[in-house]
Amino acid sequence: MRTGRPVVVATLLVCVLLAGSALFAAPAAAETIDIDSTLSESPDSGTVDVRTQATVPTGITSLQITIPEGTDVYETNGFQQSASDPNTYEWTRETDQPSLRYAYEGNDTVDRGQGSEYVYAVTDEWAIVRTPNIGVQWSGVQAEVDRTYTVDGEGIAGSHMAYLGPYTEHDRTAAGQRFRLIVSDHSDMRESPDDVLDAFEASSRRIVGGERDAEVLVFTVPSTVDWAATGLQRGDSDMWVRDVERLDTPSNTWVHEYVHTRQDYDRTEKTRWTIEGMANYYAALISYEQGYIDYEDFRRAMKDGTTDRYDDVQLTDPATWEGTRGNYKKGALVFGHLDRRLRTDADSSLDAAIREFNQPNEELTQQTFLDAIEQAGNVDIRSDAERFTQTTDTPPVWSREEHVAAFGGPQMRYAFVGFGVDGPYRTTALDEPRIVTGETLRPTVRIRNVGSQEGDFTAEFTVDGETVATETGTLAPDEETTVEFSRAFDATGDYAISVGGATDTVTVEAPADPVVTGLSVAPTDAALGEQVTIEATVESSADRPAAGNVEFSVDGQRIDAKAVEIDDGTTTVATTTRFDSPGEYTVAAGDRSTTVTVRDETAAPETSTAGPGGTSRQGDGATPTEGSGSGLGAGLAALVLAGSLLLARRS
């Protein structure tokens, strides 16, 4: 958003009377009338205090200054109020440094149907105001007027805007310009100051038309008031921008307002649309060329100019777009269309046309605009310019391929070329992005530069529109690379995923239930107290991983449960049990069951065998023999004794 440049007309009448004849001498060097205005905080809400002092050079015979309307003058020194105009004060000649002090209304609002919104604002902690425009008239010697503005206390003033309050300054010198970024201490910048200065530097080098001002003063203002715009540029090179403004958007306010500082021509009614249309177009184009946005973002910004609300907009007739953004949106599309045609059909560019008509303080008429387009291109392109500005016709939006053909540059194409999955059930490749909760999807994306120049890519992996990961790199023309992303999903549903222009849908389901497909027991004929092993064969009940518990029961009574996590194929789980009563028992797992017969006899104990070093080993589950001690049993000992006696008798 930009305001018009004020023009202060100073009148000078010098009368030289010489006796007998009029003699015209060579003009003397002009004197300087200094008008210094100092702004400071005011105790009154919505105002700032101003002290305006004039320094009157020798030879000035009369001097009048006119201050803005709505001011409340509370102190005069060497000035008196004019009888004909309450805002004009006349020099009394009592001092050569007359001054006024007054309360200056700092709040400036507009109402566009949604209540009052601020263009300039004064709060209890900070203020951003328009500097008071002081009109000057004088008589006497030839003179020039030099207006300066300062802030008494914390703050900084430019020629057309002033900020009052604590701040931090960030500076950058580039392309013959000094950029001063003034960040209010009450601001919370979304972008880093260095990144914003990078954008100014890139814009300064990119734009070839219009003079580069020696200094650009940028105020970053808090978003704690209802602003009427995202930014405002005034004068040659003063601007303010809200602290929440982003660089990664086609409507990039930082670049938009900077473009205004390079527009040196004076507009007419029929060319008023060019002010915002040009700024909107270059904000989107430079943001795309600098990699802040991708081509689809840029194309959407151009396509905004084709919406139905602008069907009746005729750019050369402000009455058809007043109160809309037709001059911004449709104006940007027309500039973009002409730029592409100039590049494609005339080996030229919009830059050449702008350089032709963007002359300091020269009026840009519709005829001058059309002539510049024709000079940069040809009669056919001039015809397009005439048609799309003087009628309600709307130019078409061009494709990515057409853009690269006209503008050159890199062009990245993205495609999903594979999917993998990691998780508790499997680590494998997938034919499609279909997983279950708790798993991590690993999409692989191929990126290829099909453009004509080397370029950087920023591959943003988004899930339902939210960027969850980013990969960057540089590719030469016809070069490609692959990158892999990962994302865990904990909730079921369908998720839209994208990287660049590549899109797909991830289906996330709950794990299936495990199902028992086989059941066995060993032994099937068991003695009392004998250990019985029950083994279940398990697989997924659906064409996806399964998770759950397999419960084992005997005669309907649960005896154990085993957790199962399985992908495809089968797995087995087992448990053991013993029976202390004879009979036939039904053993079950899942929907499968079988029987076990238990005999009315006690399982034989397992035999102990001597181990190394004379120790004994006993099998798992073996029942110890009754009695105590070691060595032979009593019966066996008697038999051994009888045998010994018999042998003794025979000897």
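Residues numbered from 1 in each chain as written. Predicted model: local features only at pLDDT ≥ 70, side-chain atom pairs only at ≥ 80, totals over all residues. Heavy atoms only, no water.

1. A short note on the sheet that holds strand E31 (residues 502–509)
Cut-off, in case you're wondering: When DSSP finds at least two bridges between two strands, those strands are taken to pair. Secondary structure elements are defined from DSSP: runs of H or I of at least 4 residues count as helices, runs of E of at least 2 residues count as strands, and each element is numbered from the N terminus. Orientation is described by lines fitted to C-alpha atoms, with helices fitted over the stretch in contact, and by angles between N-to-C directions that extend from 0 to 180 degrees.
One open sheet holds the five strands; their spatial order is E24-E31-E30-E26-E27, and the pairing between them is mixed. The outermost strands of the open sheet, each flanked by one partner alone, are strand E24 (434–436) and strand E27 (466–475). Between one strand and the next, the sheet's axes are offset by a mean angle of 20°, whatever the strand orientation.

2. Things to note about the pairing of strand E23 (residues 427–430)
The pairing of strand E22 (residues 412–422) with E23 spans four bridges and is classified as antiparallel. Bridge assignment links Gly420 to a residue of E23, and that residue is Ala429. Turn length for the E22-E23 hairpin, with the two strands adjacent in sequence and antiparallel, is four residues.

3. Concerning the packing of aromatic side chains
Test applied: Note on aromatic contacts: the rings of Phe and Tyr and the six-membered ring of Trp form a pair at centre separations within 6.5 Å, being stacked when their planes are under 30 degrees apart, edge-to-face when over 60 apart, and tilted otherwise. Type-normalised accessible area, obtained with a 1.4 Å probe on protein chains alone, sets the label of each residue: buried when under 20%, exposed when over 50%, and partly exposed for intermediate values.
Evaluated as defined, the whole model comprises 21 aromatic pairs. A centroid spacing of 5.6 Å and a plane angle of 80° characterise the contact between Tyr265 and Phe357, whose relative ring orientation is edge-to-face. With Tyr265 in the loop between helix H2 (253–261) and strand E20 (266–267) and Phe357 in helix H6 (residues 350–357), the pair connects residues that are 92 residues apart, well separated along the chain. Of the residues examined, Tyr265 reaches a relative accessible area of 4% and is grouped as buried. Plain terms: the ring middles of Tyr288 and Tyr295 are 5.7 Å apart, the flat faces sit at 70° to each other, and that makes the pair edge-to-face. In terms of burial, Tyr288 and Tyr295 fall into one category: buried. Through pairs of rings, three or more aromatic residues link up here, namely Tyr265, Trp273, Phe335, Phe357 and Phe369.

4. Quick notes on the pairing of strand E9 (residues 116–122)
Along E9, five of the seven residues are buried, which leaves the element largely enclosed by surrounding structure. Direction of pairing for strand E8 (residues 108–111) relative to E9: antiparallel, over a ladder of four bridges. Of the residues in E9, the one forming a bridge with Asp111 is Ser116. Once E8 ends, the chain turns through four residues before running back antiparallel as E9, passing Gly113 with a positive phi of about 100°. As paired elements, E9 and strand E10 (residues 127–130) share two bridges and run antiparallel to each other. Following the sheet pairing, Ala121 is matched in E10 by Ile128.

5. Considerations on the pattern of salt bridges
Short version of the rule: Within this document, salt bridges are pairs made up of a side-chain nitrogen of Lys or Arg and a carboxyl oxygen of Asp or Glu, the two lying within 4 Å of each other.
In total, this model carries 39 salt bridges according to the counting rule given. Arg172 is paired through a salt bridge with Asp198; the nearest N and O atoms lie 2.9 Å apart. Linking Arg172 in strand E15 (residues 167–174) with Asp198 in helix H1 (residues 193–206), this pair joins segments that are 26 residues apart in sequence. Residue classification places Asp198 among the partly exposed positions, given a relative accessible area of 35%.

6. Considering the nonpolar core
Threshold: In this text, buried Ala, Val, Leu, Ile, Met, Phe, Trp, Tyr and Cys residues form a nonpolar core when linked through side-chain atoms within 4.5 Å.
Phe200, Trp254, Tyr281, Tyr282, Phe298, Met302 and Phe369 are the most contacted members of the largest nonpolar core, which totals 61 residues. Residue contributions to this core peak at eleven residues, all from helix H3 (residues 273–289). Residues Ile35, Ile60, Leu63 and Ala157 belong to the second largest nonpolar core, which totals 29 residues.

7. Brief notes about the sheet that holds strand E32 (residues 514–522)
One open sheet accounts for three strands, arranged E32-E34-E37; its pairing is antiparallel. Here the strands that pair on one side only, and so sit at the sheet edges, are E32 and strand E37 (570–577). On average, adjacent strands in this sheet sit at an angle of 25° to one another, irrespective of strand direction. Here strand E34 (residues 532–540) runs beside E37; their pairing, made up of eight bridges, is antiparallel. Residue pairing across strands places Thr537 opposite Thr572, the latter belonging to E37.

8. Regarding the confidence of the model for the chain
The following threshold applies: What pLDDT expresses is the predictor's confidence in each residue, scored from 0 to 100. Only heavy atoms enter the contact rule, under which two residues are in contact if any of them lie within 4.5 Å.
On average, the chain scores 89 in pLDDT, and the residues at 70 or more come to 88%. In this model residues 4–26 is a low-confidence stretch, pLDDT under 50, and it forms 31 contacts with partners more than four residues away in sequence or in other chains. Across residues 607–651, where pLDDT falls below 50, the model places 18 contacts with residues more than four positions away in sequence or in other chains.

9. Focus on the side chain of Gln366
With respect to the helices and strands, Gln366 occurs in helix H7 (residues 366–376). Take Gln366: its relative accessible area is 8%, and that puts it in the buried class. Every residue in contact with Gln366, bar those within four places of it in the chain, is listed here: Lys270, Thr271, Thr316, Thr389 and Gln390.

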